Amino acid sequence: MAEVIRLEDIMKTYVMGDTILHALNHVHLEVTNGEFMAIMGPSGSGKSTMMNILGCLDRPTSGKYYLDGKEIAGYDDDELAQTRNAKIGFVFQNFNLLPKLTAQANVALPLVYAGVPEDERMERAKQALVAVGLGERLDHKPNEMSGGQRQRVAIARALINNPAIIMADEPTGNLDTKSSYEIMDIFKAMNNEGKTVVMVTHEPDIGEQTKRILVMRDGQLVSDERR
Amino acid sequence: MFNESIKMALEGMVANKLRTFLTLLGIIIGVGAVIAMVSLGFGVKEQVKNNISRLGSNLLIVQSGGRTATGARIQAGSGARLTYDDAKAIEKSVDDALYVAPMVSKGYQVVVGNQNWTTNVQGAPPNILDIRDYTVEEGRNFNNRDMTSRTRVCVIGKTIVDNLFPEGDPVGKTMRIGKAPFTVIGVLGAKGQSAMGQDQDDVVFVPLTTAMNRLMGITYVNNITIQAKNENVVDSVQGEVEQILRERHRIKAGGDDDFTVRNLAALMDTMMETANTITMLLGCIAAISLLVGGIGIMNIMLVSVTERTREIGIRKALGATYHNILLQFLIEAMVIGVVGGVLGVLLGVASSYGISKFAGWNTVISVPTIIIAVVFSVGIGLFFGIYPARKAALLDPIDALRYE
Ligand SMILES: Nc1ncnc2c1ncn2[C@@H]1O[C@H](COP(=O)(O)OP(=O)(O)O)[C@@H](O)[C@H]1O
Ligand SMILES: [Mg+2]
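## Some remarks on the overall build of chain A
Working step 1: Across its full length, chain A carries seven helices and ten strands.
Working step 2: Relative to a compact globule of 227 residues, whose C-alpha radius of gyration would be 17 Å, chain A shows 17 Å and is just as compact.
Working step 3: Counting only residues that meet the buried cut, chain A has 53% of its 227 residues in that class.
Working step 4: For chain A, contacts bridging at least 24 residues in sequence account for 69% of all contacts bridging at least 6.
Working step 5: When the accessible surface of chain A is split by element, carbon and sulfur atoms take 48% of a total near 9,900 Å².
Working step 6: Chain A carries 25 positive and 32 negative side-chain charges, and their two centres are separated by 2 Å.

Encoded structure:
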């Protein structure tokens, strides 16, 4: 199996006044293609920091990060943006859809920055929405949809540019149990089709549904369990 | 990406109608003001230009009273007067002078029956009508015979007819000027208002000799109007006239003239310059309001960037680069500039017409002005959009996503 993510001795350090905080403390990690992994741990343990670095939204203070075999340390902001666009699909706790755009336009957004022509964008966005069961909601604005539906739009958006990994930070955090399980079913289905999924959660029953559970505490990986 | 951004900008503007309108208003008023003001300035200029050609840029007017070395005018009447003989001498010796018209004028009450009217009565040789570009509509002009025999005849303008001869048909009737009875022998074609707002039909012309001897009782003339053959000889005619008058008035070399020759072309040049200055001034004041409009764009763009921090974070997370975001906001600022500019042109053109129609001022709308104003407003949109757009493009995606 090909290696998608490789972290070598990653540190993320915040200095505030005279206190030094290691949000990530000597983290080593390998994720192979097709894995379905949950990062768990108490609040403030560094899960989001980890996701931001894995998602190329942030750079580590030190250490090496290989994404799809490429070291991204030397990338400038625009190269990071292009990497996010091409290789990473984000799903956020609070959906982060653009309120003024329709579901279809929201889903098509990454393709705008990938330089895909409009007709193709819209067609692909439509297919992606159909795939998550929202074929009837193409023209709805986010505020006309339920939380579960919004998160499905976000998942369709994350998938649209066919990324190497899906990164989801507490994707079920704002959803009721029923919607949470529906969303997890979609992730599972995606993973069954071969997508690599990394998600942060603090809900044990959600973590249970993945194939690998990573536990963090004070910026360190304290357990890594494959099932 | 470009089309996308324009579309998004327009959608954003439609979504925030009131805010868009207020922002646009600054630019609309700015552009409109520039166009209206510059049109007005050009109008003034054109009017001056028309006046030159109407009055003839080849006119010289000689008045008694000279100027000292410092340019102060010496009171007319304190020195030698201009006489009819001065005029005759000029007419005889200056070949390039087409007409020489010595003139006297004085305010009188003119009376017909129980109607009366106060006007300026002008005594002049018959050629005054040619010089002033009047036509005789009814009856005839007075002639040289009237001049030699000093007949009491007059030629009057439409305003006089309207006020003193309500029944019309004044030719042959008698009109009293002051106490002296005059026969109306001609009526002039209407000329309307002059550029200076004077009623050019409120005129009474009588033969110069009659006016001097039988009306006003004077032996001098007030001024001498000279028309040169063409514009090229105006200066040489002026020189000759000055020469003759200095000789006739026995002014020694180095002495100050006791008369002044006014050159209308020179006067018009000065007026043109003034008109240009006015245009510049009006344009600058209007441009300042356009600048204020630009600051309005910057203000609203800054608000927009703050409001849409989260949107920017989302776009960046999804792969928008610095340039993508910069372009998006710059285009928004430019769209405001373009839309404001176009609406401003409409406002400016409309108010130019309004000024012409209701204030009666001449305005000239020039296409270059419109183009410059629109380009300027787009430029202002760009200039004042750059700072907010850069601010947006430089946002850190994590901070932006976390923004509530
Ligand atoms: N920009 C920042 N500046 C300073 N400290 C930060 C910053 N971001 C995160 N932290 C700190 O790093 C630690 C890890 O945060 P985070 O990764 O958000 O934890 P989690 O997502 O597991 O709750 C926390 O103590 C947090 O306060
Ligand atoms: Mg977190």
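On we go from here.
## A short note on the packing of aromatic side chains
Working step 1: One pass over the structure, following the stated rule, counts three aromatic pairs over all chains.
Working step 2: Between F90(A) and F92(A), the aromatic rings sit 5.6 Å apart at their centres with planes inclined by 15 degrees, giving stacked as the arrangement. Taken individually, F90(A) and F92(A) each receive the classification buried, so the pair is uniform in this respect.
Working step 3: A ring pair is formed by Y134(B) and F205(B), whose centres lie 5.6 Å apart and whose planes are at 70 degrees; its orientation type is edge-to-face. Taken together, the residues Y134(B) in the loop between α4 (128-131) and β4 (136-139) and F205(B) in strand β8 (residues 204-207) connect sequence positions 71 residues apart.
Working step 4: Residue classification places Y134(B) among the buried positions, given a relative accessible area of 8%.

## Looking at the interface of chain A and chain B
Working step 1: At the junction of the two partners, chain A supplies 23 residues and chain B supplies 23 residues.
Working step 2: Carbon and sulfur atoms make up 59% of the area that chain A and chain B hide from each other, which totals about 1,900 Å².
Working step 3: On inspection of chain A and its partner chain B, the count reaches zero salt bridges.
Working step 4: Applying the counting criterion to the chain A and chain B interface returns six residue pairs in polar contact (both at pLDDT 80 or more).
Working step 5: For the side of chain A that touches chain B, the elements supplying multiple residues, two or more each, are α2 (77-87), α3 (103-113) and α4 (118-131) of chain A.
Working step 6: No other element matches α2(A), which puts five residues into the side of chain A that touches chain B.
Working step 7: Class assignment of the residues belonging to the side of chain A that touches chain B gives a composition of eleven nonpolar, five polar and seven charged.

## A few points about the site of ligand 1
All names here are of chain A.
Working step 1: Around ligand 1, a shell composed of 13 residues is seen, among which G44, G46, K47, S48 and T49 lie nearest.
Working step 2: Within the backbone of S45, one N or O atom sits 3.3 Å away from an oxygen atom of ligand 1.
Working step 3: Note that an oxygen atom of ligand 1 is positioned 3.1 Å from one of the backbone N or O atoms of G46.
Working step 4: Here ligand 1 has 560 Å² of accessible area as a free molecule, and 68% of this is covered by the chains.
Working step 5: Looking at the shell around ligand 1, the elements that each hand over two or more residues are β1 (3-16), β2 (19-32) and α1 (47-54).
Working step 6: Per-element accounting of the shell around ligand 1 gives the leading share, three residues, to α1.
Working step 7: Classifying every residue of the shell around ligand 1 gives five nonpolar, six polar and two charged.

## Some thoughts on the environment of G168(B)
All names here are of chain B.
Working step 1: Within the fold, G168 resides in the loop between α6 (158-164) and β6 (174-177).
Working step 2: Residue G168 is classed as buried on the basis of its relative accessible area of 18%.
Working step 3: Between the C-alpha atom of G168 and that of A400, which follows or precedes it by 232 residues, the distance is 86 Å.

## Quick look at the nonpolar core
Working step 1: In terms of nonpolar packing, the biggest core is built from 74 residues, with I5(A), L7(A), I39(A), M50(A), L54(A), Y65(A) and M167(A) touching the most fellow members.
Working step 2: Counting residues per element, this core draws most heavily on helix α11 (residues 322-359) of chain B, which supplies ten residues.
Working step 3: When neighbours within four sequence positions are excluded, I5(A) is seen to be in contact with L29(A), E30(A), V31(A), L54(A), Y65(A), Y66(A), L67(A), I165(A) and M167(A).
Working step 4: I90(B), V100(B), V110(B) and M216(B) belong to the second largest nonpolar core, which has 48 residues in total.

Parameters and conventions
- Residues numbered from 1 in each chain as written.
- Chains lettered and ligands numbered in written order.
- Predicted model: local features only at pLDDT ≥ 70, side-chain atom pairs only at ≥ 80, totals over all residues.
- Heavy atoms only, no water.
- Helix = DSSP H or I, 4+ residues; strand = E, 2+ residues; numbered from the N terminus.
- Rg over C-alpha atoms; globule rule 2.2 N^0.38 Å.
- Buried < 20%, exposed > 50% of the residue type's maximum accessible area, 1.4 Å probe, protein only.
- Contact = heavy atoms within 4.5 Å.
- Areas by Shrake-Rupley, 256 points an atom, 1.4 Å probe, with all protein chains shown as cover.
- Lys, Arg positive; Asp, Glu negative; His and termini not counted.
- Charge placed at Lys NZ, Arg CZ, Asp CG, Glu CD.
- Phe/Tyr/Trp six-rings, centres within 6.5 Å; stacked < 30°, edge-to-face > 60°.
- Buried area = accessible area lost by both parts, 1.4 Å probe.
- Salt bridge = Lys/Arg side-chain N within 4 Å of Asp/Glu carboxyl O.
- Polar contact = N/O pair within 3.5 Å; in protein donor to acceptor, adjacent residues only side chain to side chain.
- Nonpolar A, V, L, I, M, F, W, Y, C, P; charged D, E, K, R; others polar.
- Near = heavy atom within 4 Å.
- Core = buried A, V, L, I, M, F, W, Y, C linked by side-chain atoms within 4.5 Å.

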